[in-house]
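What follows is each chain in one-letter form.
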Amino acid sequence: MDEEKLRDKGVKRRVQRRHGVTALGFAGAMLAAFSGFSPPSQPAGETVVRLTINPAQVIHRVDEKIYAHFLEHIYHSVHGGLWGEMVWNRSFEEVPSEGLWSVDNGTLVQEAIAENVRLVFGDLRWSDYEFTLEAQKVDGHEGFLVLFRVQSDRDFYWLNLGGWDNTRHAIERGRTGQGRWRVVSPMVPGRIEAGHWYRIRLRCEGNRFQVWLNDHRLLDFTDNEAPILQGGVGVGTWNTRARFRNLKITALDGTVLFQGLPQVAPTPTARHWQVVGTGVFALTTDNPLNSQRCQLVACSDGEAGVRQAPMSVRAGEKYHGSVWVRGKAPNGLVVRLRDGRRTLAEQRLPAPIGTWREVTFTLTPRASANDAALELVALPPARVWLDQVSLMAESSRRTGGFRPDLLDALKGLRPTAIRWPGGCFASAYRWKDGIGPQHQRRTYPRPIWDDLEVNAFGTDEFIRLCRLVGAEPILVINIGTRLWNGANADEQAFLQDAMDWVEYCNGAATSRWGRMRAVNGHPEPYAVKLWEIDNETWHMGAEAYAEAVRRFVPALKKVDPTIKIIACGSGGLGEGALRWNRTLIERCAELIDYLSIHHYEDPNRFADGPAAFERFIRETAKIVANSRNPNIKLFVSEWNAQSTDWRTGLYAAGLLNVFERCGDVVEIASPALLMRHWRSGVRPDGQREWDNAFINFDHRTWFPAPNYVVMKLWRDHYAPFVVAMEGLAHPLNAIATKSADGKTVFIKVVNPSSQTVSAIWQIAADSLVVNAKASVVAPGDLSARNALTAPHRVRPRSAKTRHDGQTVQITLPPFSAAVVTVQLK
């Protein structure tokens, strides 16, 4: 999943739908007349919609996998969420937002690969000045940030050199009240190469800003929209390690305001951790257990250590943990759970032995607490290094390592398949870092989505999850694109990694990687059939991606000829998206089984959006039908509207109807986001990025968003056969399916209008209605939403129906979604 993409907003008109939404108004009325049907009188102000259903006329089959889901490591959905490990950043790898700054031989060094790292200094009263410096990219994905006119972390300018995946340069401005910073200057194409020193000169004169890069004038920009006229300066990085030198700020009259390097202090500890007591604390690269960093704690008088909060603990439950320690602490260490000043549980740990050793513990709190803290302290005198801190509740251990309430929430959706690990997370994922003993697993290569994944949840845990919830696994492989894996990515190495992954999952225990799977406790092959060739590869161009598909698929099928291949299709609507799909199918049709397409919608288009996407599906299906492989099916592998209010619930209902109506060409569908930690990914203005998750949670509890409520309702009323429905449905979106035994018809209907609608269905004469009941979701307000403190405001409620043998009637409130269950004889 890439950054927000609201698709094709030009399509505004509703359409009459295929298989049950065709415009048969006159014919439908005539059929009703000839059948003897006489609808009851309607209350004034209601719109009446009359439709006919013929349960004997099957249009096509609906694959149950349209009720699949997509688990991406995003906003602590897994790390700090579904996976039951209670410690965030257990290996001290994710650094604080201010980065890792140090001074080395007259050079300012920033060592962390992290987003939005800034070091600000200077005087808020500085106005007109020139800022000159030299900067060198060490490694990473982008370039440098040069900050100026800085008033606060929200009010500033920065010169972004090598931004936007190292493709462009521009000035951006942050302003309180406008949300995230935004580009204000022209954008200039360009990139920053590693290993080169760049000379940067930035001149601020009133509202005019000029930039020179290596003595070439890059930008000359005047900000006429409420410019910031005073402020300090700074340097920064975005997913890049960098070095800076020869920093100088000079007033326009020649007065030197600053020259040299700003003062920096050692970083005491990693993100999500705080220090306890008095002593020496440092996040260090000195001989970590694995990956790059570990935590130094030293004390001579009182105890000193680290803590993390909040954690929800229950009285009497066992919490099993461990920590890897080296160094000297003759009096040992203490681990405890605390609620404020109250100690809930405590255990003394033995003295370290000098080299790395794992120490285990079990804590049983004497009282419950919603916001407890885990503390790990050394008793003086001590100089120790800590790594890989772990804590998991016994209840999570019993589930196989999953947080019980979030596992139950997922089970409630009864997913038929789960796509993993991404999304764009897949495009830099190295699967071998996520297998084997936990303490040997290395972190994901870069922070992403407000997280640096520690890979406690890897292939084996994912397959275990699929088995627990009854879902088929879908794995997305990393093909080594340079955008996500660096300019020096070795294509052959990534191809071999993909082949090894297929062998790890599907090979016999006698194969090289099948043997490794057996060593990790799983001798029987996992038999993963569905494999997707990376994610959202549009930056490559369709032709280059098609070549990658042609290179990867034969190699993967040499490992296992039975696997099914999913190729990355379009990410929007319109001719550009169709052109991508057409190119890929023309070049790779015989190699692929599914085309993966994405679609995210503006939530305000909850009524029109489903119809627009349905048209796009049919256009893509025509391309498939005319190809060398007309058996290719569509996989809508990411879909959603961008909110957690009732608009997204209405959109989800409409789109699920589209998938069932297009079941002849759409075989799999999975929305995103599945899960999100409620306090993760919050912007400075308090808004949540990508606020559209189905399952929303904190460390204590969770709530379902309206899209969850609707998808569960639709999933619980799945039936395999779409049957004929005729009549003019406007303003409704309706579809009818019947059970395998033919005795039950489910009518799934959405009223996305502001009108109350009386919907009347005439059932064909060869069927007799013996009962009908309905569940309706109608919170009465498009802005209605659930919350951690009010998880059931948006929920299904029973609704009255009328039936008389050949007819079924229900009154649908404005902005509602409903399932009507009709029992036939």
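Just so you know, these numbers come straight off a predicted model, no measurement behind them.

Moving on: the overall build of the protein. The number of helices and strands found in the protein is 14 helices and 46 strands. Once the C-alpha set of the protein is aligned to its principal axes, its extents read approximately 95 × 65 × 55 Å. Each of the 825 residues in the protein was classed as buried or not, and the buried ones make up 60%. Within the protein, counting contacts between residues at least 6 apart in sequence, those at least 24 apart form 74% of the total. For the protein, the computed accessible surface area is about 30,600 Å², with 48% contributed by carbon and sulfur atoms. Measuring between centres, the 99 positive side-chain charges of the protein sit 3 Å from its 88 negative side-chain charges.

How big an interface is tends to be stated in terms of the accessible area lost upon association of its parts. Each assigned domain of the protein is listed with its residue range as follows: domain 1 (47-61 + 719-824), domain 2 (68-84 + 401-421 + 440-477 + 523-716), domain 3 (101-259) and domain 4 (273-395). If you average the C-alpha positions of domain 2 and of domain 3, the two centres end up 37 Å apart. In this assembly, eight residues from domain 2 lie in contact with eight residues from domain 3. Where domain 2 abuts domain 3, roughly 690 Å² becomes buried across the two surfaces, and 49% of that area is made up of carbon and sulfur atoms. If you look at where domain 2 meets domain 3, you find one salt bridge. Here arginine 180 ties to glutamate 689 by a salt bridge, and the two come within 3.7 Å at their closest N and O atoms. Between domain 2 and domain 3 we count zero residue pairs in polar contact (both at pLDDT 80 or more) in total. Grouping the amino acids of the side of domain 2 that touches domain 3 by side-chain chemistry returns four nonpolar, no polar and four charged.

This brings us to the nonpolar core. Among the nonpolar cores identified, the biggest contains 130 residues, and Leu465, Trp639, Phe659 and Trp714 are the most heavily contacted of them. Both domain 1 (47-61 + 719-824) and domain 2 (68-84 + 401-421 + 440-477 + 523-716) contribute no fewer than three residues apiece to this core. Those residues in contact with leucine 465 that sit more than four places away from it in its chain are Leu71, Leu82, Phe402, Leu407, Leu410, Ile418 and Phe457. Membership of the second largest hydrophobic core comes to 78 residues, among which are Met86, Tyr198, Leu247 and Val335.

With that settled, the discussion passes to the pattern of salt bridges. Going through the model one piece at a time under the given rule, you end up with 51 salt bridges. Its salt-bridge partner being aspartate 63, residue lysine 65 comes within 3.3 Å of it at the nearest N-O pair. The buried category is assigned to lysine 65, whose relative accessible area is 14%. Counted as one network, the salt bridges with shared partners bring together Glu303, Arg307, Arg336, Glu346 and Glu375.

A word on the packing of helix α12 (residues 609-625) against helix α13 (residues 646-661). The contact between α12 and α13 brings their axes to 9 Å, and the two run at 25°. One element, α12, and the other, α13, form an angle in the roughly parallel class. When the axes of α12 and α13 are compared, the crossing they make is right-handed. Each of Gly609, Pro610, Phe613, Glu614, Ile617 and Arg618 in α12 lies in contact with α13, whose residues at this interface are Tyr651, Gly654, Leu655, Val658, Phe659 and Arg661. Residue classes in the contact of α12 with α13 are distributed as seven nonpolar, two polar and three charged.

Moving on: unusual backbone geometry. Across residues other than glycine, the phi torsion is negative in most instances, and most of the peptide bonds are trans. The omega angle of the peptide bond from alanine 309 to proline 310 is 0°, so this bond is cis rather than trans. Geometrically, the link from tryptophan 420 to proline 421 is a cis peptide bond, its omega value of 5° lying close to zero. Counting through the fold element by element, proline 421 comes out in the loop between β28 (417-420) and α6 (459-469).

We now examine the sheet that holds strand β20 (residues 294-299). Ordered by their spatial adjacency, five strands build an open sheet running β19-β20-β27-β22-β25, and the pairing between neighbours is antiparallel. Two strands bound the open sheet, and with one partner strand each, they are β19 (280-284) and β25 (357-363). Direction aside, neighbouring strands of the sheet carry axes that sit 30° apart on average. Strand direction decides the pairing type here: β20 and strand β27 (residues 382-393), joined by five bridges, are antiparallel. From the neighbouring strand, alanine 298 faces β27, where its bridge partner is arginine 383.

Another point: the confidence of the model for the protein. Confidence in the prediction for the protein averages 92 pLDDT; 94% of positions are at 70 or higher. The model gives residues 1-44 a pLDDT under 50, and that stretch makes 97 contacts with residues more than four places away or in other chains.

All right, on to helix α14 (residues 706-716) then. Burial analysis of α14 places nine of its eleven residues in the buried class, which makes it a mostly covered element. Residues of α14 that are buried include every one of Pro706, Asn707, Tyr708, Val709, Val710, Met711, Leu713, Trp714 and Arg715, and no others.

Within the element layout of this structure, aspartate 371 appears in strand β26 (residues 369-378). Along the chain, aspartate 371 and aspartate 339 lie 32 residues apart, while their C-alpha atoms are 6.8 Å from each other. Contact partners of aspartate 371, with chain neighbours within four places excluded, come to Pro310, Met311, Asp339 and His699. Among the polar contacts listed, one links the side chain of aspartate 371 to the side chain of histidine 699, at a separation of 2.8 Å.

Attention now goes to the pairing of β27. With eleven of its twelve residues buried, β27 lies for the most part within the structure. Looking at chain direction, strand β22 (residues 319-328) and β27 are connected through nine bridges and run antiparallel. Along β27, the bridge assignment pairs serine 322 with serine 390.

This part takes up the packing of aromatic side chains. Summed over all chains, the structure comprises 38 aromatic pairs. Ring plane angle 65° and centroid distance 6.1 Å describe the contact between phenylalanine 144 and phenylalanine 244, whose orientation is recorded as edge-to-face. Placement of the pair is phenylalanine 144 in strand β7 (residues 144-150) and phenylalanine 244 in strand β16 (residues 240-251), with a sequence separation of 100 residues. Neither residue differs from the other here; phenylalanine 144 and phenylalanine 244 are each classed as buried. Both rings, one in tryptophan 501 and one in tryptophan 531, keep their centres 5.7 Å apart while their planes meet at 85°; by these two values the pair is edge-to-face. Taken together, the residues span a long stretch of sequence, with tryptophan 501 in helix α8 (residues 491-506) and tryptophan 531 in strand β30 (residues 530-533) at a distance of 30 residues. The class for tryptophan 501 is buried, based on a relative accessible area of 2%. For arginine 326, the ring lying beneath its charged end belongs to tryptophan 385, and the centroid distance is 4.2 Å.

Our focus in this paragraph is the side chain of threonine 240. Tracing the backbone through its elements, the reader meets threonine 240 in strand β16. Residue threonine 240 is classed as buried on the basis of its relative accessible area of 0%. Reaching out from threonine 240, the side chain makes a polar contact with the backbone oxygen of tryptophan 238 at a distance of 2.9 Å.

So, on to the sheet that holds strand β35 (residues 675-677). With mixed pairing, three strands are arranged side by side in an open sheet as β35-β36-β37. Each edge of the open sheet is held by one strand with a lone partner, namely β35 and β37 (702-704). Neighbouring strand axes in the sheet, compared pairwise and without regard to direction, differ in orientation by 20° on average. In this structure, strand β36 (residues 695-697) lies alongside β37, joined through three bridges in antiparallel fashion. Counterpart to isoleucine 695 in the pairing with β37 is proline 704. Sheet strands in contact with helix α5 (residues 404-413) are β35, β36 and β37, and its direction is about 165° off that of β36.

This part is about α6. Summarising burial for α6: eight of the eleven residues are buried, a large majority. Within α6, the full set of buried residues consists of Thr459, Asp460, Glu461, Phe462, Ile463, Leu465, Cys466 and Val469. Positioned one or two residues after α6, glycine 470 has a phi angle of 75°, which is positive.

Joining two cysteines, a disulfide is a covalent bond between their sulfur atoms. Applying the stated criterion across every chain yields a total of zero disulfides. With no disulfide of its own, cysteine 466 lies 10 Å from the sulfur of cysteine 505, the closest cysteine sulfur. Among the residues examined, cysteine 466 registers a relative accessible area of 1% and is labelled buried.

The rules we used
Residues numbered from 1 in each chain as written. Predicted model: local features only at pLDDT ≥ 70, side-chain atom pairs only at ≥ 80, totals over all residues. Heavy atoms only, no water. Helix = DSSP H or I, 4+ residues; strand = E, 2+ residues; numbered from the N terminus. Buried < 20%, exposed > 50% of the residue type's maximum accessible area, 1.4 Å probe, protein only. Contact = heavy atoms within 4.5 Å. Areas by Shrake-Rupley, 256 points an atom, 1.4 Å probe, with all protein chains shown as cover. Lys, Arg positive; Asp, Glu negative; His and termini not counted. Charge placed at Lys NZ, Arg CZ, Asp CG, Glu CD. Domains from an automatic or database assignment. Buried area = accessible area lost by both parts, 1.4 Å probe. Salt bridge = Lys/Arg side-chain N within 4 Å of Asp/Glu carboxyl O. Polar contact = N/O pair within 3.5 Å; in protein donor to acceptor, adjacent residues only side chain to side chain. Nonpolar A, V, L, I, M, F, W, Y, C, P; charged D, E, K, R; others polar. Core = buried A, V, L, I, M, F, W, Y, C linked by side-chain atoms within 4.5 Å. Axes fitted to C-alpha atoms, helices over the stretch in contact; angles between N-to-C directions. Parallel < 35°, antiparallel > 145°, perpendicular 65-115°, else oblique. Left-handed = near helix turned anticlockwise from the far one by under 90°. Pairing = 2+ DSSP bridges. pLDDT = per-residue confidence, 0-100. Phe/Tyr/Trp six-rings, centres within 6.5 Å; stacked < 30°, edge-to-face > 60°. Lys NZ or Arg CZ within 6 Å of the ring centre and 35° of its normal. Disulfide = S-S within 2.5 Å.

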